[in-house]
Amino acid sequence: MADVKFSEHPAKAGSSWSLFSWSPTSVTKAQEAESKLLSRFQYFRPSTPSAHAASSAEAVANEQATVEVKSARKGSFPDVAASEPPPSEGDDASPHHHRLIARVGLVDVGDKEFINTLVIDRVEKPLEGFTRPGVLKREISHGSGGQMVHLEQDVAPVEEVGRTGPKKNTLVLCHGYGAGLGFFYRNYAGLSEVDGWRIYAIDWLGMANSSRPPFPKLRSGGTDEEISGDAEAFFVESLEKWRKANSIDTMTLMGHSLGGYLSAAYALRYPQHVERLVLVSPAGVGKNAEVDMRNRKGFLPKLFTTLWTWNVTPMTLIRGMGPWGPNLVHRYTTRRFAYLDESDSNDFRDYIYHISAQPGSGEFALSRLLLPGAWARCPLHDRLATLTMPTTFIYGSGDWMDYKSAVSAAQHMKVPVRVARVADAGHHLYMDNPEAFNAALIEEMTGRTKGTPIDGVEYVLERE
């Protein structure tokens, strides 16, 4: 492997301090937390452990941490190593030549903006792009004037997989609000077993480990349609640039929660590039409540509406709590994801904290897309009627999102529609019941036959 050369920027350039200096976070720490989660997938290897370091000393520490994580092989993520034959004697045992590859890196979408991307692919032979030097760019700081560290290594950028590899069916996973591609860590092993598919997962621009440019200013005096449209464009147009950078012609696009809303917005804007749309507990489908909270009287409704308008987000609270931020996240993860073992729980907590404590950007879309009470400014309910591709809705059986909204919207849609519910799962159904969720998603990838039973999945609507 080529030597890693660091730019001459001080390590402190990568730090983003919370309110109190005792609890620092940084892009480096967020990337390291991501790698710890993904390392549960036996075929994932960071482009180099040093790709998450802002200094040579930190690179050594990261390499040791990566070795320890892989050696421990703890956590609830399935071990899929046995599914691949070991290299025969004389074969190149380099990780770059494994038939199943998983790489993560930043994809350049122009204007000094990068979208963090995981790609999983099965290859019969080494790809050209993985046998020559490449440059992976990792941000040290966010916003205008952010400094970059350039790492030279013998792994090509993520987008080379699509550029140099054969054309395949493509699945793109898009996370929800306050999340990142690491949230799907319990799903990658199962999904990677589907032959003929290349799997991508992204961090939306302005979220998790992607670049965090300043979010567009609120349009003065704008209508709900104009305000929502500006916010949608921030994400939709960056996803389109990402698609072009990865040489993807068409894809099965899956989005969760707010990511489902944005995926639907993308499919409405660029239908020619979406073969199938999978909306997992999507936000913004239901019609607006009869009473707009903005018009409700009383101190608490007015206070809530004011804070919502001021973009006081959950991440604002985490950053504002300084050294108590990690504890706040810990209390949430241990209650909501109590089924995770200690190793998973700790790593998942660290991941959520570090991606939440970064400077705000995409998170500020919340009040532009949704009204107080989480109703969409421009509900998808009627907009989905113009979709041109088969669409599937998947909810958890205990989901706080109402699947009946999807059933209602489906009555106006002119394409094949399915509405499914995953048993023993809430809003984060892909984590709560990964086996059943994967089974439902794989059905969409491989072509479902109407009426075929799936353990843990109930189809409440199937219309061909």
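For the structure itself, look to the data block above.
Residues numbered from 1 in each chain as written. Predicted model: local features only at pLDDT ≥ 70, side-chain atom pairs only at ≥ 80, totals over all residues. Heavy atoms only, no water.

Volume-wise, the largest pocket comes out at about 910 Å³. As for the largest pocket, its lining consists of 31 residues, of which Y177, G178, P314, M315 and Y332 are closest to the centre. Listing elements by their share of the lining of the largest pocket, those giving two or more residues are α7 (299-309), α8 (314-320), α9 (325-336) and α10 (342-356). (1 Å grid on protein atoms, 1.4 Å probe; cavity = no way out; pocket = protein on both sides within 12 Å on 5 of 7 lines; lining within 4 Å. Points joined across faces, edges and corners; volume = space filled by probe spheres on them. Helix = DSSP H or I, 4+ residues; strand = E, 2+ residues; numbered from the N terminus.)

Time to look at the sheet that holds strand β15 (residues 457-463). The strand order across the open sheet formed by nine strands is β3-β4-β8-β7-β9-β10-β13-β14-β15, and the pairing between neighbours is mixed. Both edges of this open sheet fall to β3 (100-108) and β15, since each of them pairs with a single strand only. On average, each strand axis in the sheet is tilted by 15 degrees relative to the strand beside it, whichever way the strands run. Relative to strand β8 (residues 197-202), strand β4 (residues 114-122) runs antiparallel, the two sharing four bridges. The partner of V119 across the bridge, within β8, is Y200. (Pairing = 2+ DSSP bridges. Axes fitted to C-alpha atoms, helices over the stretch in contact; angles between N-to-C directions.)

Glancing now at empty space enclosed by the protein. Unfilled space is identified by rolling a water-sized probe across the atoms. Taken as a whole, this structure holds four cavities of 30 Å³ or more when the rule is applied. What the largest cavity holds in volume is close to 100 Å³. Its residues placed into classes, the lining of the largest cavity shows six nonpolar, four polar and two charged. (Nonpolar A, V, L, I, M, F, W, Y, C, P; charged D, E, K, R; others polar.)

In this section: unusual backbone geometry. If a residue is not glycine, its phi is most likely negative; likewise, a peptide bond is most likely trans. A positive phi angle, close to 55 degrees, is found at D111, a residue other than glycine. In this fold, D111 is placed in the loop between β3 and β4. Exposure remark for D111: the relative accessible area of 63% places this residue in the exposed category. Even without glycine at this site, D424 takes up a positive phi of about 55 degrees. For D424, the position within the fold is in the loop between β14 (417-422) and α14 (429-432). Since its relative accessible area comes to 67%, D424 is described here as exposed. (Buried < 20%, exposed > 50% of the residue type's maximum accessible area, 1.4 Å probe, protein only.)

Let us look at a nonpolar patch on the surface. There is a patch of nonpolar side chains on the surface, built from V312, L317, M321, W324 and L328 and spanning about 440 Å² of accessible area. Mapped onto the elements, L317 comes out in helix α8. (Patch = residues over 30% accessible without salt bridge, like charges linked within 9 Å, V, L, I, M, F, W, Y side chains within 5 Å. Areas by Shrake-Rupley, 256 points an atom, 1.4 Å probe, with all protein chains shown as cover. Salt bridge = Lys/Arg side-chain N within 4 Å of Asp/Glu carboxyl O.)

Bringing the pattern of salt bridges into the picture now. In total, this model carries 22 salt bridges according to the counting rule given. Between R40 and D344 there is a salt bridge whose closest N-O contact spans 2.6 Å. With a gap of 304 residues between them, R40 in the loop between α1 (27-38) and α2 (56-72) and D344 in helix α10 connect regions that are remote in the sequence. The buried category is assigned to R40, whose relative accessible area is 5%. The exposure class assigned to D344 is buried, which follows from its relative accessible area of 0%. The residue R243 makes a salt bridge to E240 at a minimum N-O spacing of 2.8 Å.

By the secondary structure assignment, R198 is in strand β8. At 3.1 Å, the side chain of R198 and the side chain of D121 are in polar contact. When near neighbours in sequence (up to four residues on either side) are disregarded, R198 contacts V119, I120, D121, V161, G162, G165, P166, K168, N169, T170 and L171. (Polar contact = N/O pair within 3.5 Å; in protein donor to acceptor, adjacent residues only side chain to side chain. Contact = heavy atoms within 4.5 Å.)

Take helix α5 (residues 224-245) next. Taking 1.5 Å of rise per residue, 22 residues should cover 32 Å, and α5 covers 32 Å from first to last C-alpha, within 8% of that figure. The largest bend along α5 reaches roughly 30 degrees and is located at A233. Within two residues after α5, S247 carries a phi angle of roughly 55 degrees, on the positive side. (Expected span 1.5 Å × (residues − 1). Bend = angle between axes of the 7 residues up to and from the residue.)

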